[in-house]
Amino acid sequence: MNIAIVGTGYVGLVSGTCFADTGATVTCVDVDATKIERLQKGEIPIYEPGLDELVKKNVAAGRLHFTTDLASVLNDVEIVFSAVGTPPDEDGSADLKYVLQVARTIGQHLDRYVVVVTKSTVPVGTARKVRQAIEEELRKRGREDVPFDVASNPEFLKEGNAIKDFMSPDRVVVGTESERAKKVLTRLYKPFLINNFRVIFMDIPSAEMTKYAANSMLATRISFMNDIANLCERVGANVNMVRAGIGADTRIGRKFLYAGCGYGGSCFPKDVKALIKTADQNGYSMEVLKAVERVNETQKSILFRKLEKAFDGKPLKGLTIALWGLSFKPETDDMRESTALVMIAKLLEAGCNVRVYDPVAMDECRRKIGDSVTYCRDKYDAVLDADALLLLTEWKEFRLPTWGVVHKAMRRPLVIDGRNIFDAEELEENGFEYYCIGR
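The paragraphs below set out a description of the structure included in this document. Not measured: the values here are computed from a predicted model. (Residues numbered from 1 in each chain as written. Predicted model: local features only at pLDDT ≥ 70, side-chain atom pairs only at ≥ 80, totals over all residues. Heavy atoms only, no water.)

1. Observations regarding the environment of glutamate 429
As for its placement among the helices and strands, glutamate 429 is situated in helix H19 (residues 424-429). Its relative accessible area of 67% is what places glutamate 429 among the exposed residues. Each C-alpha atom, one on glutamate 429 and one on valine 59, is 53 Å from the other, the two residues being 370 residues apart in sequence. (Helix = DSSP H or I, 4+ residues; strand = E, 2+ residues; numbered from the N terminus. Buried < 20%, exposed > 50% of the residue type's maximum accessible area, 1.4 Å probe, protein only.)

See the structure below:
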């Protein structure tokens, strides 16, 4: 089966590589010539565990190809996935210019039947706009007779675990209103059906809504637990015990009940904003999600407030603050909407010297904020002469540091744990002041 995937970002590259690994012949398309040249040389522009080996394997097998020219492959494929970016506009709505640009390109060159599938996260109604854009371009060419279908196939990949998520999904959601398109997509997903994974077919608007609803629900659980954690601190409760107690209820479950210093990334913040905006545009106010967003933005500053409290409200100017972790979560170099960006801005504004270390996101941090902080070679270098250590990302290598080395290196042995991964008794036994979330 021949397919094309437009967009070689996180979703497009992972999806294309995994489809190739199931036996499809995949051409990944991107307008960024430099990115395509790098991919053709075997250089992977994003960090995702296992992706580089999988790309090289499928390129060598002749199943995975890269090009900047969609027109050159369009009439040789059965499916075109649109996996281009949908960045948030200033008002929070999803910017569809790249999605519609792909649709227009398809309409300008299409000569035979194809299923056009939106894989990007897009608001309800986008498939209709994609169809209209393709039809408009076909009319300009006098080719209204060329058949095509539009479908929605939202992704549910977790950064850092994307390959496993794709190959062993909880579910595959497909929105289509055409039996022909359904047959084509059923054939594509047949390898997953063999392993009893669920492919859920539904109408297109419901598929488009499912992605936003899923991410918004997960974001809601995070903000809810952060609210509970903040109240726990005030009433003397322990949020970890509360989490165990409510997570044991099978109606609630244990996942996404961890308190911390706020969520970030490419999905949750953007999707919550976009769903709020979609509701506003349709005369409805998503009051729960607006609260979720407010709680999360406040939570990103909680470690700064704890730092101020630890220094009795005195000016922080001149202090050296170490940060462990920059990415919004472990196993990725993605810093979009990360708590680290908020913390760095606040610390620099307060006049602090900031020393940072992350296993993979150092280059991304430098690209985003330049040399306003000191980039350290490892976690122990980061705490050298530090007045406080702030843990922002729960990378595995941060879980069992040699606390004696950390204590000796720091000027003041103060640890503020934004992810509740350290043992309070162990740190106190090693002579540290220790603060965390919700205890």
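2. Description of the pattern of salt bridges
Applying the stated criterion to the full structure yields 30 salt bridges. In this structure, the salt-bridge partner of aspartate 95 is lysine 97, at a minimum N-O distance of 3.9 Å. Take aspartate 95: its relative accessible area is 14%, and that puts it in the buried class. Note that aspartate 271 and lysine 270 form a salt bridge whose closest N and O atoms lie 3.5 Å from each other. Of the residues examined, aspartate 271 reaches a relative accessible area of 0% and is grouped as buried. (Salt bridge = Lys/Arg side-chain N within 4 Å of Asp/Glu carboxyl O.)

3. A word on the packing of helix H10 (residues 204-235) against helix H12 (residues 268-281)
Running from amino to carboxyl end, H10 crosses H12 at an angle of 115°, the nearest separation of the two axes being 9 Å. The orientation of H10 relative to H12 falls into the category roughly perpendicular. Two packed elements cross with a definite hand, and for H10 against H12 that hand is left-handed. Taking contact as the criterion, the partners of Met209, Lys211, Tyr212, Ala213, Asn215, Ser216, Leu218, Ala219 and Ile222 in H10 are, on H12, Phe268, Asp271, Val272, Ala274 and Leu275. The residue makeup of the contact of H10 with H12, split by class, is 10 nonpolar, 2 polar and 2 charged. (Axes fitted to C-alpha atoms, helices over the stretch in contact; angles between N-to-C directions. Parallel < 35°, antiparallel > 145°, perpendicular 65-115°, else oblique. Left-handed = near helix turned anticlockwise from the far one by under 90°. Contact = heavy atoms within 4.5 Å. Nonpolar A, V, L, I, M, F, W, Y, C, P; charged D, E, K, R; others polar.)

4. Things to note about the environment of histidine 407
Within the secondary structure layout, histidine 407 lies in helix H18 (residues 403-409). When the C-alpha atoms of histidine 407 and asparagine 430 are compared, they prove to be 7.8 Å apart, with 23 residues separating the residues in sequence. In this structure, histidine 407 is in contact with Pro413, Asn430, Gly431 and Phe432, ignoring residues within four places of it in sequence. Among the polar contacts made by the side chain of histidine 407, one reaches the main-chain carbonyl oxygen of glycine 431 at a distance of 3.5 Å. (Polar contact = N/O pair within 3.5 Å; in protein donor to acceptor, adjacent residues only side chain to side chain.)

5. Details of the nonpolar core
Core analysis: the biggest nonpolar cluster contains 59 residues, and Leu307 and Leu390 have the highest contact counts within it. Of all the elements, helix H14 (residues 302-310) adds the most residues to this core, at 5 residues. One finds Val14, Phe19, Ile36 and Leu39 within the second-largest nonpolar core, a separate group that totals 40 residues. (Core = buried A, V, L, I, M, F, W, Y, C linked by side-chain atoms within 4.5 Å.)

6. Some thoughts on the packing of helix H1 (residues 10-21) against helix H3 (residues 51-60)
Interaxial distance between H1 and H3 falls to 9 Å at its minimum, and their mutual angle equals 50°. Between H1 and H3, the interaxial angle falls into the category oblique. The handedness of the crossing between H1 and H3 comes out as left-handed. Each of Leu13, Val14, Thr17, Cys18, Ala20 and Asp21 in H1 lies in contact with H3, whose residues at this interface are Leu51, Leu54, Val55, Lys57 and Asn58. In the contact of H1 with H3, the residues fall into 7 nonpolar, 2 polar and 2 charged.

7. Looking at the packing of aromatic side chains
What the rule picks out here adds up to 10 aromatic pairs. Aromatic side chains phenylalanine 256 and phenylalanine 268 sit 6.2 Å apart centroid to centroid with 45° between the ring planes, which places their arrangement in the tilted category. Of the two residues, phenylalanine 256 is situated in the loop between helix H11 (239-247) and H12 and phenylalanine 268 in helix H12; the sequence distance between them amounts to 12 residues. Assessed through its relative accessible area of 13%, phenylalanine 268 is described here as buried. With 5.8 Å between their ring centres and 80° between their planes, tyrosine 263 and phenylalanine 268 make a pair best called edge-to-face. Grouping residues by exposure puts tyrosine 263 and phenylalanine 268 together as buried. Each member of the aromatic cluster is reached from another via a ring pair, and the members are Trp324, Tyr357, Phe398, Trp403, Phe422 and Phe432. Across the ring face of phenylalanine 156, the terminal group of arginine 171 is positioned such that the distance to the ring centre comes to 3.8 Å. (Phe/Tyr/Trp six-rings, centres within 6.5 Å; stacked < 30°, edge-to-face > 60°. Lys NZ or Arg CZ within 6 Å of the ring centre and 35° of its normal.)

8. Considerations on the sheet that holds strand S10 (residues 353-357)
On the basis of which strands lie adjacent, the open sheet formed by 6 strands has the order S11-S10-S9-S12-S13-S14 and parallel pairing. Where the open sheet ends on each side, the last strands, each with one partner, are strand S11 (374-375) and strand S14 (433-435). Bridge analysis of strand S12 (residues 388-391) against strand S13 (residues 414-417) gives 3 bridges, and the strand direction is parallel. Bridge pairing links leucine 391 to aspartate 417 in S13. Where H14 meets the sheet, its contacts fall on strand S9 (320-324), S12, S13 and S14, and the angle it forms with S13 comes to roughly 155°. Packed on one face of the sheet, helix H15 (residues 339-349) meets S9, S10 and S12 and runs near 155° to S10. (Pairing = 2+ DSSP bridges.)

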